[in-house]
Structure formats: C-alpha cells, structure tokens
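# Examining the three-dimensional arrangement
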Amino acid sequence: MLTFESLLIMLLGTIAGVLFGAIPGLTTTMGVAIMLPITFGMSPINAMALLIAIYIAGNSGGLITAILLKIPGTPANVATTFDGAPMAENGEAGKALGTGILVSVIGTLLSVLTLIFIARPISAVALQFGPFEMFAITLFALTLISTLVGDNVLKGLMAGVAGVTLSLIGFAPIGGAARFVFIPDLSAGINMLPLLMGLFAVSEVIKMAAEGIPKNEKVANMSFKIRGFGMTLAEFKQQFVNLIRSSLIGIGVGIMPGIGSATSNVVAYSVAKSQSKYPEKFGTGIIDGIVASESSNSATLGSAMIPVLTLGIPADTVTAVMMGALMIHGVTVGPLLFETSGVFVYGIFATYIICTILLGVVMYGGMRGFVRILAVPKHILMPLVLVLCIVGAFAANFRIFDVWITLIFGIIGFLMVKFKYPMTPLIMGFVLGGILELNLVRGLSFARGSFWGFFDSNIAAFFLVASVLSVVWSVYKGVRDSRKAKAAAAANKG
Amino acid sequence: MMMKNLYSNIINLVVLLIGVALFVSAQNIQVGTLLGAGSEIVPQLMTTVWVGLGVLILLSGLRKDETYGKKIRIIPFLLTLALLIGYALLLRPIGFVLVSMIYSFAQMMIFTSEELRTKRNYILCGVIAVVFPLVIYNVFANFFSIFLPAGEVIRLPFLFLF
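Heads up: these notes are all about the structure in this document. Because the structure is a prediction, the values reported are computed rather than measured. (Residues numbered from 1 in each chain as written. Chains lettered and ligands numbered in written order. Predicted model: local features only at pLDDT ≥ 70, side-chain atom pairs only at ≥ 80, totals over all residues. Heavy atoms only, no water.)

## Quick notes on the interface of chain A and chain B
Each partner contributes to the interface: chain A provides 60 residues, whereas chain B provides 69 residues. Across the chain A to chain B interface the summed buried area is about 5600 Å²; carbon plus sulfur atoms make up 79%. Together, Met-158, His-379 and Phe-419 of chain A form the three largest contributors to the area buried by chain A at its contact with chain B, with a combined 11%. On inspection of chain A and its partner chain B, the count reaches zero salt bridges. (Contact = heavy atoms within 4.5 Å. Buried area = accessible area lost by both parts, 1.4 Å probe. Salt bridge = Lys/Arg side-chain N within 4 Å of Asp/Glu carboxyl O.)

## Quick look at the pattern of salt bridges
Residue and element names in this part refer to chain A. Per the stated rule, a full pass over the model turns up five salt bridges over all chains. The partner of Glu-235 in a salt bridge is Lys-95, and the shortest N-O contact between them spans 2.5 Å. Of this pair, Glu-235 sits in helix α9 (residues 233–255) while Lys-95 sits in helix α5 (residues 93–126), placing them 140 residues apart in sequence. Owing to a relative accessible area of 16%, Glu-235 belongs among the buried residues under this scheme. For Arg-399, the salt bridge is made with Asp-402, and the minimal N-O distance between the two is 3.2 Å. (Helix = DSSP H or I, 4+ residues; strand = E, 2+ residues; numbered from the N terminus. Buried < 20%, exposed > 50% of the residue type's maximum accessible area, 1.4 Å probe, protein only.)

## Description of the packing of helix α8 (residues 192–211) of chain A against helix α16 (residues 378–397) of chain A
All names here are of chain A. At a minimum axis separation of 10 Å, α8 and α16 run at an interaxial angle of 160°. Judged on the interaxial angle alone, α16 and α8 are roughly antiparallel. Taken as a pair, α8 and α16 cross one another with a handedness that is left-handed. Here α8 contributes Leu-193, Pro-194, Met-197, Ala-201, Val-202, Glu-204, Val-205 and Met-208 to the contact with α16, which in turn contributes Met-382, Val-385, Leu-386, Cys-389, Gly-392, Ala-393 and Ala-396. Here the residues of the contact of α8 with α16 are counted per class, giving 13 nonpolar, one polar and one charged. (Axes fitted to C-alpha atoms, helices over the stretch in contact; angles between N-to-C directions. Parallel < 35°, antiparallel > 145°, perpendicular 65-115°, else oblique. Left-handed = near helix turned anticlockwise from the far one by under 90°. Nonpolar A, V, L, I, M, F, W, Y, C, P; charged D, E, K, R; others polar.)

## Some remarks on the nonpolar core
Ile-64 of chain A together with Phe-96 of chain B are the most contacted members of the largest nonpolar core, which totals 207 residues. For this core, the leading source of residues is helix α3 (residues 44–68) of chain A, giving 16 residues. Both domain 1 (1–69) and domain 2 (72–162) of chain B contribute no fewer than three residues apiece to this core. Once residues lying within four places of it in the same chain are set aside, the contact partners of Phe-96 of chain B are Val-387 and Val-391 of chain A together with Tyr-87, Leu-91, Pro-133, Ile-136, Tyr-137, Leu-148 and Pro-149 of chain B. (Core = buried A, V, L, I, M, F, W, Y, C linked by side-chain atoms within 4.5 Å. Domains from an automatic or database assignment.)

## Regarding a nonpolar patch on the surface
Among the surface-exposed residues, Phe-4, Leu-8, Leu-11, Leu-12 and Ile-15 of chain A lie close enough to one another that they form a single nonpolar patch of about 460 Å² accessible area. With respect to the element layout, Phe-4 of chain A can be found in helix α1 (residues 4–22). (Patch = residues over 30% accessible without salt bridge, like charges linked within 9 Å, V, L, I, M, F, W, Y side chains within 5 Å. Areas by Shrake-Rupley, 256 points an atom, 1.4 Å probe, with all protein chains shown as cover.)

And the structure:
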C-alpha cells in the first residue's frame, strides 16, 4: 500500500499544509477544500493521504506565525503566541519553533495511538446502533456544535438548521419527492465542494476587498537557529508531565464534535498555568506555554477522526471535508467501515503516522523557506486562491452552475462572518443533514409514526435529553452573560 | 439604537423571510401515497425551526446594540463583486485561461495599496496573472485529465504549453 507515489503525495501535502497554516488569511479548511478536486483522480487512500497531510501540517504551520509574527496562523495556535512571541522577542525564536515542532509531533502521535486503539471498540459498539441511536447522536453532535461555536447561541442554531435545510435540496433519499427545487439545476442538490470553496475561500477574498488587505508583517526575528530538537533532554524531562497532560486534554477535546483544537490549546494552556510551580512566568516567554498549546492542539488531530470513522460524524470542518471526500471516493464511513474496508482504515492509521513524521522532517528542515514564503504579498496571493477555487468548483461536476454556487456562498460566507453567524454549524448541518433525515424517517417508520418511540432506546433517550439540555444551558448562559455585560456597562457609566 | 444596528436587522429580516419562503415551499412538497412518503418530514420540521429561530434572532437584534467589525470600503467591495459575476458569466464564452488572466490582474489592482502602485508591481502582477492560469490549465489537463473551459466565442491559440 505504501508506494513512492503515496509518499510523494504526503510530502507535497505536508508542505502545502504548513503554508496554508502559516500564511494568515489562508486556513487549513481552505487548503483541504482547494486540494479536494485534485484527489478525484487518485485512489481513496492516496486522496486521504493528501488531505490528512494538509490537516496535520496546517495545524502546526500556524505556530510559525504565532511565534515570529505574534499572529496565530490558525485558531489552534492562539495560546502559542502567549509565550512563543515573547521568546522570539527575547532572541529564543529558534528554541520556541523547535520545541513547538517537537511537541506537535509527539502530541499527534499520541493522538493517533488513541485513534488506533479506541476506534475499533467504539465501532463495535456503534454496530449495535439502529436509527433511533444514530439520529439521537447526530442531533446531539449538531446541537453541541451549534451551541458551542460563536457568541450567539440562536445564530449558531440557525446556521445549523440552515445547513441541514441546504442538504435537503433535491430529490429525497427516502420517498424521492423533489424538495426546494426552484430551478432545474438544483434537482441534484448542492454539491459540498462549491459550498465549501465559497464559504471558506471566496468569502475571504470578498472580505479583503471590503475591509482592506492586511499588511505583511515583518518577521520579528529572522536570525533564528533551531539547535537539535529545540529543547534539551533535561527540559524535555521537566516538561514531560505537562506534555502528557496537555496531549490528553487535546485527545479528549478532539473526540467531541465542534470543539476541536481552537479550544484545546487555550484549555491546556490554562491548566498548565494553574498546575505550574511558577504561574507568574507564563506569558513572559517560557517553553511550558508552547508545550501545552502545541501538544494539545496537535493531539486533537487523531482523535477527531474517531467519530468520523466509527459513527460517520465529523468533529470539525476539516474532518467534515474529509468525510465528503471519502463519500466522493465511494467509501461509506460509519460502524461498518472496519468490517467492509478494514485494510483502508489501517491505511489511514499508517498515513497519520507517516504524515506526522514527515511534518517533523519538513518543518525542522524547511523552516527558513517557510518563513520566506510568509512574505508573499496578499494582493497577489488571494486572486490566485480564488482562481483555484473556480477550478475546484468547476471540476466537481463540470458545470458553470457550481461556479455560481461558489460565488453565492462566498457572499453568504462574508455576510455570515460580518454579522456573526458562525460557519462551522452550517457545514456540519450540511454534512450531517442526510444522516439525520435518513435515521429520523427510518426511526419514525419503526416507531409507527410516534416520536416517543425514540425514547424506547436508552442510548437515544440519553442523547436526545443531552441535546435539549445543551440548548437550554447555552440559552441560559447567553442570557446570563448578556445581563452581566449590561450590568457592567451600566456600572461603568455610573 | 435600531439605526445603529440597521444592517444587521436587515440581514436578520432577510434570514427570516428566506425561512418563511422555504416553509411555504416545504408545505407544498408533493407526497404520494407511496412515492414521496416521508420526504416532507424533515423539510417541514427544519423550516418551522428556521422561522422560529428567525423571529427570535430578529427580536433580540432589535433590542441589542452591537458593533460589526470594520467598515466596508464600498468601491473595492462592489468592484470585486462585479469582477466575480463577470468571471462566472465569461468563463464558458472566453474560456478559463483568458477570463482568469483578466480577473487576476484586475483583482490584484483592486487589492494593490497606494504605496505599491509602482511599475515593478504592475509588471509582476501582469506576469503572474498571465502565467498562473496557463500553468493551472495545463497541469489540470495533463496530470489530472480535468479539462477547464477552453472558450466558445474566443479561444486562445497557445493553451497547451506541454
């Protein structure tokens, strides 16, 4: 299975991923979406190799800008700036970068080991699930994402509902009736790729036109040198507990849908600070902060694939794209995957490990090159990104209609960002809409039309109650925070 | 307060109106006795929730005083939208390579800030805008067997580089 071709694909994917992660304005999701059309002609495992390489490398690429420019390349690197940037200012950029790479590699490997050991038992349990359980778990994932992402829970839920509704366009999978087919081109539904390209890439181009292009920051410390792995053996031993604890936080967070590395790095940083013997030094430029942030954000990468492979439920936008890619390649994810495509699943595990090692090699070896590419002017880069999006949208089905869909969702994405409607629930709703509908309709059929039949299953009942509670809790929290903010504003005025 | 949130209230209203339109459409899904049974359940459920959420968001938006990021630079924004629409309209008639060259260069010019308006930058943008679409066209055609529109009205004579 491991060929020279697949190794080369992983290497190119790793380089592309680091760039997408490192260049502010480009994102890992954008990278995966743009590369998706290229995978059409590949075997499923090579396609996944490319996407996984971008996913893993994108996460770590962001640490370069976080340390050298004080701008997190991705939301997963926010906490890396807290100590990484002060280290660069103190002339320790090389040490910060080296440490970041090392703990990223270790965090990802620990996460992949978890994936390897946990995925199969979970899928064995999931095999027992029927439509009641699958509907309830999917609904729970969707409500959790919708309520956790963004500032306004109502807008999060609205984005999730809009995503599910968009997935319904076209002919129904059960029954076959046409829904929301206002023009003939919509009869086949909306393709995921143009939708993604529009939301994540075209919207960024429109945003830059509307708000002005961010100036290229000068790299704070160009004269860095990475010695060895960045940190000494003594420092590694000293950081060992922090490393393992932060990785475990990342692994735990990664499995939960919708939370992901954007949260895990901040949580792990806070825990490391609270558990430290010298919390006052955090933020001044110590490696503890980088170890916590980078190991935890990388540790979400393997565990985020657990719900994808075992239940067919993505944990974040990138795994949602990967799930879409698997569907395009005719691979059905879910509990049966281990039974029907066992070799393929173990191929994914192997790919994860190889990509992680390649990430270390590429980042240690090519750091200087990556830093130089950071200086590519955005006014040249972004139009080229848009051209690639048009290529991707057209190549999905060879239809100009899909190019229009890309542009329309570019405008919708821009408006969503501007008016604070989160995009992640929309993507998740779009990906999960089909599963949700299929299992709801099947479940209702089993329960002879009564929704209460879903509560006959304890697992389904648990997740349905949890879904309701997550919405109720989020609304309560939103109202409470809003009242607190008002009271604080009033106190300030007084 | 409402004037301050005018744009966000308009967006919230549009979201609600789309929901209402979809709700009406969902009530008219053609369900036969056998064919179509079950097809209407989720569309009706989702659009009902959409309308409910839409009303709540609109009402809470009318009461809140929010700020929404940077101010929009209206001319570059509208020019970019016009360019994107032109791109989609001309993609088939004049082909991917030519329309991408025109789009890339024009978009680069829109993005170019005052201090970068130099002869060197114009030449660099021009060269990249010409070379990039040609390379992409050839890479996709030769390596991935994906043929992008070559042009129906105008067709460049030098599309294939290798």
